[in-house]
Each structure stands twice: as structure tokens, then as C-alpha cells.
Amino acid sequence: MGDDSEWMKLSVDQKCEHKLWKARLSGYEEALKIFQKIKDEKSPEWSKYLGLIKKFVTDSNAVVQLKGLEAALVYVENAHVAGKTTGEVVSGVVSKVFNQPKAKAKELGTEICLMYIEIEKGEAVQEELLKGLDSKNPKITVACIETLRKALSEFGSKIILLKPIIKVLPKLFESREKAIRDEAKLIAVEIYRWIRDALKAPLQNINSVQLKELEEEWLKLPTGAPKPTRFLRSQQELEAKLEQQQSAGGDAEGGGDDGDEVPQIDAYELLEAVEILSKLPKDFYDKIEAKKWQERKEALEAVEVLVKNPKLEAGDYSDLVKALKKVVGKDTNVMLVALAAKCLTGLAVGLRKKFGQYAGHVVPTILEKFKEKKPQVVQALQEAIDAIFLTTTLQSISEDILAVMDNKNPTIKQQTSLFIARSFRHCTSSTLPKSLLKPFCAALLKHINDSAPEVRDAAFEALGTALKVVGEKAVNPFLADVDKLKLDRIKECSEKVELVYGKKAGATADKRESKALPGKTVASGAAGDKDVKEAAAPKSGPLKKAPATKASGPPKKGKPAVSGAAGGSGSKNKKGPDVKEIVEPELSVEVCEEKASVVLPPTCLQLLDSSNWKERLACMEEFQKAVELMDRTEMPCQALVRMLAKKPGWKETNFQVMQMKLHIVALIAQKGNFSKTSAQVVLDGLVDKIGDVKCGNNAKEALTAIAEACLLPWTAEQVMSMAFSQKNPKNQSETLNWLSNAIKEFGFSGLNVKAFISNVKTALAATNPAVRTSAITLLGVMYLYVGPPLRMFFEDEKTALLSQIDAEFEKMQGQTPPAPTRGTSKNVGGGTDEGEDGDEPDEGGSDVVDLLPRVEISDKITLELISKIGDKNWKIRKEGLDEVSSIINEAKFIQPNIGELPTALKGRLNDSNKILVQQTLSILQQLAVAMGPNVKQHVKNLGIPIITVLGDSKNNVRAAALATVNAWAEQTGMKEWLEGEDLSEELKKENPFLRQELLGWLAEKLPALRSTPTDLILCVPHLYSCLEDRNGDVRKKAQDALPFFMMHLGYEKMAKATGKLKPTSKDQVLAMLEKAKANMPAKPAAPAKASSKPAGGAGPAKFQPVSAPVEDSMSSSVESKPDPKKTRGGGVSKAKSVQGKKMPSKSSLKEDDDKSGPIFIVVPNGKEQRMKDEKALKVLKWNFTTPRDEYIEQLKLQMSSCVARWLQDEMFHSDFQHHNKALAVMVDHLESEKEGVIGCLDLILKWLTLRFFDTNTSVLMKALEYLKLLFTLLSDEEYHLTENEASSFIPYLILKVGEPKDVIRKDVRAILNRMCLVYPASKMFPFLMEGTKSKNSKQRAECLEELGCLVESYGMNVCQPTPGKALKEMAIHIGDRDNTVRNAALNTIVTVYNVHGDQVFKLIGNLSEKDMSMLEERIKRSAKRPAAAPVKQVEERPQRTQNLNSNANMLRKGPAEDMSSRLKIMYRTYRIQARSLSGHSEATHTVPREFQLDLDEIENDNGTVRCEMPALVQHKLDDIFEPVLIPEPKIRAVSPHFDDMHSNTASTINFIISQVASGDINTSVQALTQIDEVLRQEDKSEAMSGHIDQFLIATFMQLRLIYNTHMADEKLDKDEIIKLYSCIIGNMISLFQMENLAREASTGVLKDLMHGLITLMLDSRIEDLEEGQQVFRSVNLLVVKVLEKSDQTNILSALLVLLQDSLLATAGSPKFSELVMKCLWRMVRLLPDTINSINLDRILLDIHIFMKVFPKEKLKQCKSEFPIRTLKTLLHTLCKLKGPKILDHLTMIDNKNESELEAHLCRMMKHSLDQMGSKSDKETEKGASRIDEKASKAKVNDFLAEIFKKIGSKENTKEGLAELYEYKKKYSDADIEPFLKNSSQFFQSYVERGLRVIEMEREGKGRIPSSTGISPQMEVSCVPTPTSTVSSVGNTNGEEVGPSVYLERLKILRQRCGLENTKQDDRPALTLLSKPSVPAVVSSTDMLHSKLSQIRESREQHHHLDLDSNQMHSAATTSSSSSSTAANIDDLKKRLERIKSSRK
């Protein structure tokens, strides 16, 4: 029991995990009790068990498991968090419970699954159960099916997705296990209960016996609709309600709810789509064109079989449809026509909506083909057209149907009417709007009067169906003229009709229609509408809207304006005379006189032609009175005007009489029933007088009255033609002026634009300027109504004139056309029917565009042109497109019929040539403008492909596509685009560009729509997947579009659509939906204006008059949407403006109180919370290209809690001056509110980023000023920027570094500098790197400069992610187009060079020659010595650790703070010139700056060195290792031309290369052949650049495959292998003959390649083959090529590594190592030629590693002596070639003592010196070999000769003596006698004395004055004593001086002696030597020599630091002075004295 007592003490959760089953049982029991007690579902107690529930159900002990299942069930039922465990628990139940023998366990398992479904986790449960169906254990499968069945039975098919279950059913029916088959049968019955016959199709192919059994079972099922018996948690209320209703007795919900309860599942949805295009016979397209009908029949039968599949996969069926259409339309064999029609039916049924795009092509052909009489053909065609109708909308094919209605063939008319009738049955009142009904009714009304009875019957049926669908109210206006008999017949037909959607639909629709759209009026009524059409548009097509819709006020109120009896809204008969045109016969003069005499006083008639003007005047006065008193009905208008025209008529000379006459004409026109006949009498006279100064106004008045009587379009046309048939310019200009005014008064309805345009063109060409001006004014007025299309008519005009027209149009831009004030009374025919055009908001403007004359261009779209557009040659394709463009240009406005052009253009949208794609897009833009609204019918087949182009990778192509889509949408409205699945299919494609562009477009278009098609819901699943897209831009765009989708679909539908998402995704999306719900804009209200879309530029102006005052007054309601263009960035946003608007009024009341308190309120943890929100995506991440309203709104909201209200008002005011005030306040409060500022810092910085987007410079300057102060404060406070603050601010600050104004750039740089004090430079670095990618060249340059400063100040550690990557990025800019950027890049890399030395060249990788030479030149000029990273790096480190430890701030504040400011200046001033170090610059990397003397530092130092120095040394150790960490050998050169190549070339090559490694020999051979073709052609071989490594990898993988697999395969023909080998080897030889490509191969790849080739050479199996020897010879040749042509460093390195590997591999063949060594020997032989191109440092590193792995002893143990000999030979050759300077190349070796390499090299050097004839000391130091490093390679004697020459020259004498002294010391036996004996006695004694002086000085036996024995002139030019010691710090005189210094001096001496310098110039190409200069530069150092040694001693006493004095003085040497002045020397002496005394 001891054990028991142990576990009993444990907590419940620990017991549950205990290994003892008893403990677990007890734990589960206790857990069960606990679970039952917890009442709160959100209790934290639940979370404790979250990870344990899976263990509850999967317990290994059956008894315990049972208890665990009980507990788990209670947990799932009650715990809020249970949903998180769904996947693992259900999976556990399936695998560990369903296989249990105990029924109880299974039961509990099933219950748990069902409970998970109840808590809304149905999908996850179903997923696991479906996985269980694949289990090998039949028990599990049965249990899973049973559980699914129960779930379906209880929850219903809404919750349980049936499609995946139905998919696996056939497989279950095939199971061997009877239990599974039985269970499958049960679930099939259950599914049938829910979806009925939809299940039959998917189960057609199961065993016939099983199917029969199933069908029997199905028949037994009750017919009533099933209902769920169990509900989800969210539906529990519904359940309760249901129970109540049932208990109340009877089903209250009745049948109404049935529809809601059971989703109607479409069998089509359950089917798998079949791909048939690829299965078409290969010769199908040839056969279908064959001459023999049998062959054509075969082809069609093949298609018929394929299209029988009930569901087809989407694809490009255009060719197939075209072929079938051709058969239907043109084939003479009617049997084939029927067959083709059947195929089309199959396609339409299988593709459904996806067939819609082809419908427009096929429908006209089928309708035309109804002329066939044969019943089977007619039936096939009927089935085809009915199936096609279901794939499209009536709207889109209406034009085609109406066109056929006028056909003369009665069968066609009959069948078309019958088709219309059948189509109407599928419509509802919403899909059959009046706009559509009207033209159909008009056409059908003609048919009911047809002579053929069958045509009449069909028309009656169609009209009857329409009546049934939309109700009498909607149809009656169109049937007004139909006599009663026919009307009754229509109604009779209507009663017989059965609609597809049931009668209910029609009825409700009717009700809905009547309520739907009040407030809109349209002239209606049969007579009314019809007559308006006739009267108003004699020359245009049927008007889509009556002119009344132009009225801006509600036209109903205009009714009283109708004068006379018909003023009210009387009956239709009364209305008639108002609208009907008054037709009047022309009367003779006699009849007129007779009629006139009845109504006029007799005197009046007599005096009409009196010669006395006064009498005529009196007569006119009487005439006028009589007319005024006359009644309309009695007035004989024609008679009266003819009397007025009677002599003198219009030739009247007296202006008073004339004025009266004109006035009377106006009166008659107004008061009488004035006809066109009457008008004809007077118009000529009126036009003649219109230009008269005195009578002109009266003439205009009369014309206006006539226009009102006879309608403006007719009057205007008459007047214009009369005016322009005259020659009087005054009349012409005044006529034009009158017309301009008349259009404004009457509106534009019905005007014949074309007739005007010809007249206007005449006027524009007139010589009289007044006429031209009037014409331009008229055009301006027309532009108001017509919009931009108007300009197209005048593009041919002269430029000057065109610019005047444009200026006039510009004036009109943004203006709205005035509401018509005249002509409305007659046109509003008493609008009894409201809202006729409710469904057509976009039609208003189109009537104007419809008036434009359109040209038919289909005849110009020839087959030849179409084939040109599809030609293989892009130039010909371009020609074709050019032709199309010019055809459209010429036509200006075109008819919608454009033949085969859409298909041809669609093909070009995915042209491989992007230029042609862009050209096609511009043609499509032209097409949209030219075709106008009729372009609608091409949306599916041309518009959607344009959307596909939005996914193009090229920015400019996407922009062009977007512009095109917008141009189309402007013409078509959005309805066509949103209908069907096309848009959702596009959004489904996982192309980030396509998704972001399409979503952006939808976000822009959706807000403006008042309604959208229901198909919009299809886009939602894809929208959700975009919300979680990998691409950030896609996610952002999806989030932006979300509120607008919700605006149309509603939150409920959107939330419901998340049901199919994964649980994690669902939660995220729901959170976003909640957020979007808050931001959801209201739908735009129905516009108050009558014409909702006047064409053209007037569009956007609609809201301007409203929005301007709204914004100023700040008092609009939420609905009024201000014009987005006027809302400034900082201003209030569109929908939420209310909040902002209340503020100003409130603040003005309390202004004084408000401003007294603090401006920033400290909210505890406020900032942290904001960061969490941003991380959890609860708020938008601060990331944008330009700030959108939602960002501003969000910031405002976040600020509201922590920024004073009044300040916030200032900050977000729309006026920049308020921003300035806000900044001033913030500056004032900066010091006093430090805590508040830091608490709100993230918000302040975000607000400042908004200011960066303002255009006002004063705000920007003020913001930058504030930032400088802010960062100074943060630095003082030792604050550290968080990542969140930095990332939301720094990128925007960096944008400003590219400002054109210097002063701003300077400020930004200053801020960036200060930022490094509060944010680590290493983290700043990536932001600046990002800035270098900007398009702004100034920004690129400044960022590069700043990067240079960072590296200079903080060393290479700042370079992120690695110095290599960073430098490569920087180096790219050396080739920039902009000069400043190039310079900045060069300067930055030079800065890095100064810090890092020659290592830079390795890090930047391969540059183009031009760039590299620029860089080298710049480095030479800068001539700065590379030094280790500066001390300031100390500062970098604490900054990084700052986040972890707040106390670490102190590190930054101590000495480092001083150093940051002082050292930076100091190091720049005291950089030593690069004359003392040569190519072994890497070595200097290991000499830390700490060991170099810095005078300023020492002078001002009071003991701080003690604590700093060790730290710095320690710090530098990391740095020393850095170069080794860089994966340098992997750097691979990429051809400079690579980027220029077409990107798809690269992808093709990648593809071919991938095939090289194929396991299939033929594939591999083909790929190799293709590559060989590329390699053999010089011009193409460059394409391989950048792919060499990839190709070689593929090749050696293939070699390995052959060696391991193919050669071992007995079945394989060995000839195949030989063929493959020959291809591989041939390819490689081609490759390695091209040096530029061969050099791209990297070390690792070469190693593997050599391994493969050597293995091949040793393959004994090949020897046995016939061609074997030939293969070996080829491989031999190839190996030689590889060795010679590869990059010599890489191949040498590869061979060394390969040798090492082969020696290590004990199992390896010794032969292998031997061949590797042979290759190495070959390389050794090549070394003399290649030595200069080899990177010795790398080779020595490899040798070092080799010797480390194989020390000498180990090598000696090898069986063969070859390895050691190879290595020695290699080293010996290198030593021989490089001489002592070989020791300079050990820089990459970290620890030289790890191998014997250095010692070995030293021995060799010593040996070689011995051989030269000098007997050397045994203990030669390593440094000794460096004396002659750059000297002549010949003999030591030459070296001594040089030394004596130096002694002999005035300038270098001391240097020569010093060298001689060193030489004698090292080689004590050396004989210098021969050199002395030829010289004079004086010279000999001088040399001896000099050597003695040096000896005494060195040994410190007292200082002998430097001038002793040396002439004063010499003293100045003394040179510091050289020494060769590098490593021995203890050597007091050791100065680290590289051989390059000697070489430099040697050069000078050689020049002096007139010797050539060429031989010596063999140093590495990249050295730091500047041009040879006078050595006086370093002369001052010698004068200080002895002082330095004293300082060294004093430092030793204080710090025991063995510092090398010469190293110190080298650091102090003054830089860049060409000669040191005496003053300089004195100064240095004094400073050294001071240092010395302070030290003592």
C-alpha cells in the first residue's frame, strides 16, 4: 500500500497522468466530479485539463479508459475551451476507442464526437471520421460510418457536409467486409433522406445489385422533408422555440420553414468534374473540317461521348465551341447539325455558368438555324438553346434574340418566340426588369399581328408568360394598343403557364416591385411611352429611358405645368393629344385667309400689307390681342402664321413691326396646337432675323416657343440646317448661341448629335471668329451631357482649335448639367407607374451615348486580319493589332458586332511578348469607349481575361490592365462583372499580384454600388483565403475589401461562410469580420438626381456641390459621403466623421479649462497593450505606402485615451497651421512631460509619420525639429526604442532622406545619427538597406552615405544579416545610373575598406570590370590605411543587450559615451596613410586598434585605460574570427549579363537542367542535347551563366545514378549508358572550353564533379564494354580541361579537400587517392602560369586544414609515400614562386599552431636562402625570411647591392644602414667585404661608424646624438629603422611594417639610379599602395624614436603591457601631410614629454 499512499497525495491532474492505472482511474473519477461541479463554462479550471483530455480517451487500460471517456464527454459538453482539443481527441477516439470490444466505450466515443459537433466543431470531427474510413481495422471504419450517420440524422445536412461522404461511398460499397457494406447502405439511405435524387448520379456506378437494394430502401422512406433533431449551441434557442410550437399544437411554422430547414443540394455539386479537352481525338479539328460527312460524324460522336459526363472541368473550350458552332451554322447534313447541337447541350449542361462566356457566340447561330423543318433537328436545337440559356442571363443574349425577331422566316420567328416564352419561365420579376421587357414586348406585339398562325400563337404564349412572371401592372403599359380579343388571348395563355420558380415567386415579386423603388419616375403608359419614342427620337434607336428622367426635381410635381384640359393626371385618352405629334396638312393661302378671317378682326387682315408702317404696327397690335384671347382649340395656327408671312412677311423693314410679328409667332406657338407644318412656314424667317440687333431676341424667343411645341430635336435640326445654308455669320453665331441655351433649358434628350456635329465642324472652320467662338461654346454645353466621347469627333481638328475646345471642356469639367426647365410638361405623360427603371441605375447616361452614330466594323474584321493577330511571328501579330487599332480609331463609335475579334484579342492577352499584351490592353480600352455600354455583352469573353492579366508579374502590364478594366466598368457598370463564377474563379487563383489588384479594384468599386448580384457570395471563400495569404499585400487588400463585401452581403452571410474554414482560420476571420462590421459603410442611397450616370466627366462631380459645404460646416450626417478627393490625409474620414465633427464645437466651449492640464496622459501598460493588439492583428499594422483613412482613424482612436482632447483636435485638423500649433505645444511640453511622452511615444512617432506625407514644408521642418529634441531627450533618459516603435517610424523617416531640399535632408541625417543612441545601429542597418532600394536617387545616395557612417562608427558588426550580404547589396549601387548614388556607394565601400581591409573584396563578390576598376581607383585615391574596427564598437554592444537588462544603460553612459563623440573625430583625423602595409592587409585585421598609440587619448587619459584595454582586446577576438565565418567559397559569380536576359530563358534553362539528373536515360540525353546546342553557339552560351553550378550538380548526380543504378541494371542496354556518358562528357568538354563559364564553378561542386569523374575512370565495368576505352580517353581529356579552365583557386581547393576525404575513407580505393594526387601534380605544373590568379590565402588555409587532419606522423603511416610528397611538392612550388612573401598569405588561418604549415614554410624559406649561398643561422626566426620579401628573386648579393646603394644615396642613407645592421645581425656570417673594398676609406669608416651608432641605440647604452657623423642635411631625411618582426611583441624595436614599404622605397631608389621598375611590379593587383611619393612623409617618426621607447617603459611600469613601441608610433604618424614641418615635430615632442611626465 506504500505506493498507493504515494499517489493518493497527488493533485487530480497529476493522478490523471500517473503510470499506475489505479491512480489514473481515481484521477478520472475525481476529474469527472470536478467537471460536473464547475458551473462557469469559462472557468480557468478547465484550462488545467486542456492537454490531458486526449489521454482520457486513449488510456491503455480498458476499465480506466471507460471512466476517462465519461469525464471527457462532460468536459467537452461544459468547457468553453474544449473546442481546442477537437482534432486530437476525435483522432484518439477513432484510433483507440472505436476498435474496443466494449459497446459502452464505442457509444461514449460516438457521443463525444457528436458533442464536439454540437459545440460548433463539426468540420474537424468530420475530417477525423473521414480519415478513420481509411483505417485497415474494419471495426474502426464501421464505427466511423455509424457516427457520421448518427450525426447526419441528428444535425442535418446543413451541418454535416455531404460531398466528402458521398465521394467515399462507392469505395465503401466495394469493401470486402460485409459490416462495412451494410453500414454504407444505411448511411446512403440517410443521405437520400436529406437530398433525395441528387444522390442517384454519384452512385450510378456501384454494383447493380447493391443499387437495386438501395433504391428499394429509398422507396420506403417517408416523403416529408426531414428536420434536424439536435442543434448547435448557437441554434439552441431555435430548438426551444420549436419545442414550444409543437407543444402548442400543430406545426406553427408550416411549410414556410421547410425551405429554410433543408438545404436544396444540387446533384451537380456532388459530382467530380471531368477534364475532357485533353481526351479529344488528336485529329478532331482536322476531322471536323473534313469533306466526307462520315468523318465529321466520327469527330462529333467522339465529342458527344465526352460531353455526356454530367460535370465538366473548366477550361478553354473556345476552339471546340467554335468548331461546333460552325457545324450547326454551315453544315449541309442536318443529322450532323442535330449531333453538334447535342454536343453543345452536353457542354452547356456540364459546364453550367462557365459556359456563359461562349453563349453570345452560339445563340444567334442556333436561332438562325431554326429555319430547319426536321423535327429531330428542331428538338436538338431547342434543347441546346435551352441548356445554353441556363448558363447565361437573358440580359446578355437579349440583343441577339431581338435581332432574329425581325427575320422573315416564320419558323425562325415562331421558334424564337417559343424560346423567349421558355426563357421567361426561368425569370423572376427582378431578373426580368422593365428595361428588358420593353424591347421584347415591342417585338412580340409585332408577331401577334403576323400572318402565320404559328408565329402568332408563339408570341401569345411568350407574352402570356411575361404577364405571369412580372404581373399585369408591369406588362399592361406595353399592351395599351392591343385590342381586347388579343389581350384576352394573352391572359388565357398566362393562366396556363407554369413557372419554374412556382407562382409564389411571381406574386411576391409583384408586391416587391410595387414597393421597391419609390421616388423614381419614368414616363409610362402605352401611348405615352411609345409616342415619346417616336416624337423625341426620329433618327435614333429606341430610347431606354424617357426624357423625363432628366429632370432633377421629381417630375411628378411638374404635372400642373401642362396647360389646357389635360393638365391633371387624367386618363390615358386625355393624355394622348399632349404627347402625340400634331400632324397637319399644308393649307393653301386661300384656306388660310378664310380661317384667319373667322378669328381676326377684318381691319387687321386688310392692313397686314399696308405700305404705312404705322398701320402695319396697329394691325400687329390687334393681331396680338386677338391671339391672346383665343382658345387653344379654336386657334388656326397655320392660318395665322401664314398671314404673318404674307407680304412683306419676314422682309419687314420696320423693326417695331418686326418685333411685334416675332412676338406673335411665339404667342401662337405657346398657346395653340402648333404643328411642324406651321413651324416650317416661320422658321426660315426667324433664322434670318436671329442675328438682327433689334429683333434677334424676339426671334430667339419665338424659336424657343416653337421648340417647346415641336420638340427641340426637330426644331434644332431645322434651324441649324437653315442657318448654315445661309452665309450670314452673325445669324450662324446667334443660332449656335440660341441652341446652347436651348439645350440647357430643354435637356439633351433626343438630339441628333451627328447632324449637329457636321454643322459644328462647319462652324469651327468658319473664318468669322464669332461663329467659331459660338461653336466652341455649344460644344461645351454638349460636353456637359455627352462627356468625353464628344471629343473623339474633333481629334482631326487643328491643334490650336483643339486646345480651345479642350479648354472649354475643362471649364465644364465637374459641372452638372442643369435640370431641364422647358419641354417637360409635354413629355411627362402623367407618370402613373413609379420606379419603372428601378433595376437600371446605370442606364441614364447611356441614352446620350446611344444617340451617337455607330459604325458597323465587322466587315473589316476579316479572316486574314484574325490570322495575322494569331500569327507565330510577333511582328506580324503586332501589325494585326495596329490594324485593329486604326480601324477602331477611324470608326470612333462602333456597333457591338465585331465578329471573331474578341477571340483573337483574348489570345493576345496571354502573349509571351509583354509589349503586345500592353498593346492589346490599349485596344480593349479603345474598344470600350468606341462601343459604349454595348461592350457589356463582351464582358464574359473579353473582360474576364483582362482581369487575368492583373496577375502579370510586370508592374506596367498590371497598371495597363487595371486601367482597361476601369475603362470597361465605366461603360458596363459592375453587374456584368459580378454575375456568374468568373470573378470568383479569378480570385481563386493563388497569384498574389492578381489577388491584390483584383481585391483593390473591388474595394474601389463595391462601395459605389447600390445592389450586387447574388453571385458575389461566391467570392467570399476566396476572400477569406486571401485574408490568410502568405503575401502581406494580399492580406492588406483583402482586409480593405472586407467591409465592402459585408456592406452588400451582410454580416450574417459572411459569418456563415466561415463555416468551411479550419478552426484556427475561422477564429481569425471572425475577428476580422467583427472589426469590419464596425467599419462597414452604409449602402449609397438612391441618388436624388434623375439621371444617375451622365456620360463622361460629369460623373465624379455629382457629389461635389453637396460635399463642399458639408465639410466646411462639419455637420453632415454619417450617410453623406464627402468627396474623397477633398478629404485631406489628416482630415476626417468618410464614414466616421461625426466623431471628429463634434469636437471643435465642444472644445470651443471649454477651451481654457482643457488646455491647462497635461497634454499626454500616462495610461498604465497602455503602450504594451497597443503592441499586443497589433501583434494579434486586432488593429492594422502601421505599414502603408500612403496613409489611408482607416489608419488615421485608428490612430485617432488610440490617441483619444492618452492625448488631451484639444491637442488631438489640433493634431487631426485638416488645416496645416493647426498641425504647426500642435507641434509647438508638444515642443513646449517635451521637458515637463517626459513620462507622458515616453508612454505615448509609439503614437507620437506614428502621428509624425503622417506629417511626413504632408506637402507643407513648414510642418515638415517643425516635425523634424521636434524629432531632434525628442531623440535627444530619449537619449538623456536612456530610453530604448521598442521594435514596434522603430518599425512604424524609421522607414518613413528614411523616405524623407530623399527630399529635394538640402535643409530637410540634413535634419533627417541628424535625427538618424541621434537615433543610434536609442536604437542599436545593427538594427538600423536593415532599414537603411531597404532605403537603398528606393526609386528616389537622392534617397539611395543618402542611405548609402549613412550606412558608411554606421560602419565607420560601429565597425563591421552592424552589417546585417551578414557583412557579405550587406556589402554585395551596397556594391550593386556602384553601377547605378545616378552619379551621386555611384559616388555614395563607392565612398561607403571605401569606408568599409578602411575598417576591414582587403577582406572587403571577398565580401563584395564579383563585380563587373568597370565597377571594380572604379572601386580600386577610389580606394587608391582615399589612400587610407585599413584598421581594425574602431573602439566605438563598445557602444554597440550594450545597446543590444539593453532590452534584456535595464541597468545595462550604464555601460553606454560611462567612458564609452565620451569615446563616441571624441574618438569618432579623432580616428578620422589620425588615420594613418596606407604606405606601411601591402597586400597582407588581412594580417592587420588581427592587430587591434587598442595596441596603437593614440596621442590625444593618452594625453587626456587619467587611468581609464586600465579598465578599457582588456575589454577591447577581449572584444576584438570575436572580430578576428569573423572572416572565417563568411561562407566565402560558396560565393559564385553571376554573369553580369544575366539580369539582362529574359527571365523566362532562365526558367527554361532551370527546367532543362533539372531533367539532366532524370532517372530516365532518354529524358537526360534530350536535356543534355539541348544544353549542348546552347553551349556550342557563342551568342547563346552566355545564357548558361549563373546556371553552371546547378548544371554540374545535375551532371554528377547523373554520373552517380549511372554508377550505382544503371550499370547494375542487367536489363538495360549498355549502349544506352555509353550514349549517356558520351553526352555528359561531350557537354562538359564544351563547357570547360569556355573559360568565362568554367570559372563560375564553385569549389564544392568541382570537388563532387572530380569525385564523379575519377570514380568513372576507375569503374572496371566500363573496361569490359566495347566503347569503354573511348570513354576513358574522353574522361581523361575532360579532367585536363577541368583542371586548366576552372577557377584555379577553386579547383586546387577542391582537389585538396578531395584528397583529404579519400585518405580519411578507409574503405576507399588507394587508386582513387593516387588519381587525385596526379591531378594535383598537374596543377603544380600549371602553377608558374596561374600563381597570380590564385587566392593563396585560401589554398594555404586548405593545406593548413589538411596538415591539421594529417600531421606528418600520420602521413608517414600511410602505405604510400605519395601524399606527403605531393604536399611537399605543392608547398615547395608555392614557396619557390612567391618567395618569402608566401608567409603573408596565412591570414585566413586562425590558429597557426594547429598545424605545421608555418614551421614548414619557414624551413623551406631558410633552405632556399641557404641554397642561394648564404650560410644561415639554425634558429632563423619566421620574420627573417621577410627581409627580402619584395626584393629581387635572384640572389642575396643583389639584395646587399641594393642596401649599399641606399647607404650611398643622401635621402635613404640611414635606412640603408639600418637594413645592413639587421642583415648582419641575422646573418652574422654574411660577407659584406666585397661591397666595401671597392669604396673609399671615408665610406668604409662611415658605414662602420653608422652600424656602431645603431647598435648602441638599439641596446640602450646611452643615446648618441642623431647627428653624430651625419651631415645636417641627412638628419632631416632620416628613415625609421625597419625590422621584420611581426609576432614578437616583446621585441622592443619591432615595428610591424609589411614588405610593401620596402618595395616602395626600392622603386624610388631604382628610379634614382635609372633602373627599370617593371620586374619588381609583381605584387597582388589589389594593394593599398598609392603612387610613389617622396619618403619624407615618415621622416618625423625617427626623430621621436627614442622618446617612444621611454614611453613604452613607463607604460610597462604602470600596466605591465608589453606594447610594441613602433606599433604605437605608427598609429600616431600624421596622415596625408606631404612633408612634415619642423613645427609639427616640436609639437609632437612636447606632447610626448607631457605624456611622459604625467605617467611618472
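Just above sits the structure.
Treat the numbers as computed from the prediction; the structure is a model and nothing was measured.

Student: Kindly report on the overall build of the chain, identifying the contributing residues and their values.
Tutor: Of regular secondary structure, the chain possesses 106 helices and zero strands. Counting only residues that meet the buried cut, the chain has 53% of its 2040 residues in that class. A fraction of 76% describes how many contacts in the chain between residues 6 or more apart in sequence connect residues 24 or more apart. As displayed, the chain offers around 92300 Å² of accessible surface, 53% of which is attributable to carbon and sulfur atoms.

Student: Residues and numbers for the packing of aromatic side chains, please.
Tutor: The relative placement of two aromatic rings is captured by the distance of their centres and the angle of their planes. If you walk through the whole model with that rule in mind, you get 24 aromatic pairs. Arranged with centres 6.3 Å apart and planes meeting at 25°, the rings of F35 and F56 form a pair that is stacked. Within this pair, whereas F35 is found in helix α3 (residues 21-37), its partner F56 is found in helix α5 (residues 53-57), the two being separated by 21 residues in sequence. This pair shows no difference in class: F35 is buried, exactly as F56 is. Ring-pair connections join several aromatic residues into one group, and the members of that group are Y28, F35, W46, Y49, F56 and Y75. Seen from the ring of Y1051, K1077 lies directly overhead, with NZ or CZ sitting 4.2 Å from the centre.

Student: Any chance you could break down the side chain of T677 for me, citing the residues and the numbers?
Tutor: Assignment of secondary structure puts T677 in helix α36 (residues 676-689). Contacts of T677, omitting those with residues within four sequence positions, involve E584, P585, E586 and Q638.

Student: Got a sec to walk through the packing of helix α85 (residues 1588-1606) against helix α88 (residues 1643-1657)? Specific residues and values, please.
Tutor: In the contact formed by α85 and α88, the axes pass within 9 Å of each other and the chain directions differ by 30°. Considering the angle they form, α85 stands roughly parallel to α88. Here the hand of the crossing between α85 and α88 comes out left-handed. Residues D1589, L1592, I1593, F1596, L1599, R1600 and Y1603 of α85 form the contact with α88, whose own contacting residues are V1645, D1648, L1649, G1652, L1653, T1655 and L1656. Along the lines of polarity and charge, the residues of the contact of α85 with α88 split into nine nonpolar, two polar and three charged.

Student: How would you summarise the packing of helix α91 (residues 1688-1704) against helix α92 (residues 1710-1730) if you had to cite specific residues and measurements?
Tutor: Running from amino to carboxyl end, α91 crosses α92 at an angle of 155°, the nearest separation of the two axes being 10 Å. Comparing the axis directions of α91 and α92 gives the class roughly antiparallel. Our pair here, α91 against α92, has a crossing hand that is left-handed. Here Q1688, I1691, L1692, L1695, L1696, L1698, L1699, S1702 and L1703 of α91 lie close against α92, whose contacting residues are F1712, S1713, V1716, M1717, C1719, L1720, M1723, L1726, L1727 and T1730. Residues belonging to the contact of α91 with α92 are distributed by class as follows: 15 nonpolar, four polar and no charged.

Student: Describe helix α50 (residues 955-972), with residues and values.
Tutor: Between its first and last C-alpha, α50 extends 26 Å over 18 residues, near the 26 Å set by a 1.5 Å rise per residue. Of the residues making up α50, those classed as buried are V957, R958, A960, A961, T964, V965, N966, A967, W968, A969, Q971 and T972. Each element contacted by the buried residues of α50 is listed here: α48 (914-931), α49 (939-949), α51 (975-978) and α53 (992-1005). Downstream of α50 by one or two residues, G973 has phi in the positive range, about 75°.

Criteria and cut-off values
- Residues numbered from 1 in each chain as written.
- Predicted model: local features only at pLDDT ≥ 70, side-chain atom pairs only at ≥ 80, totals over all residues.
- Heavy atoms only, no water.
- Helix = DSSP H or I, 4+ residues; strand = E, 2+ residues; numbered from the N terminus.
- Buried < 20%, exposed > 50% of the residue type's maximum accessible area, 1.4 Å probe, protein only.
- Contact = heavy atoms within 4.5 Å.
- Areas by Shrake-Rupley, 256 points an atom, 1.4 Å probe, with all protein chains shown as cover.
- Phe/Tyr/Trp six-rings, centres within 6.5 Å; stacked < 30°, edge-to-face > 60°.
- Lys NZ or Arg CZ within 6 Å of the ring centre and 35° of its normal.
- Axes fitted to C-alpha atoms, helices over the stretch in contact; angles between N-to-C directions.
- Parallel < 35°, antiparallel > 145°, perpendicular 65-115°, else oblique.
- Left-handed = near helix turned anticlockwise from the far one by under 90°.
- Nonpolar A, V, L, I, M, F, W, Y, C, P; charged D, E, K, R; others polar.
- Expected span 1.5 Å × (residues − 1).

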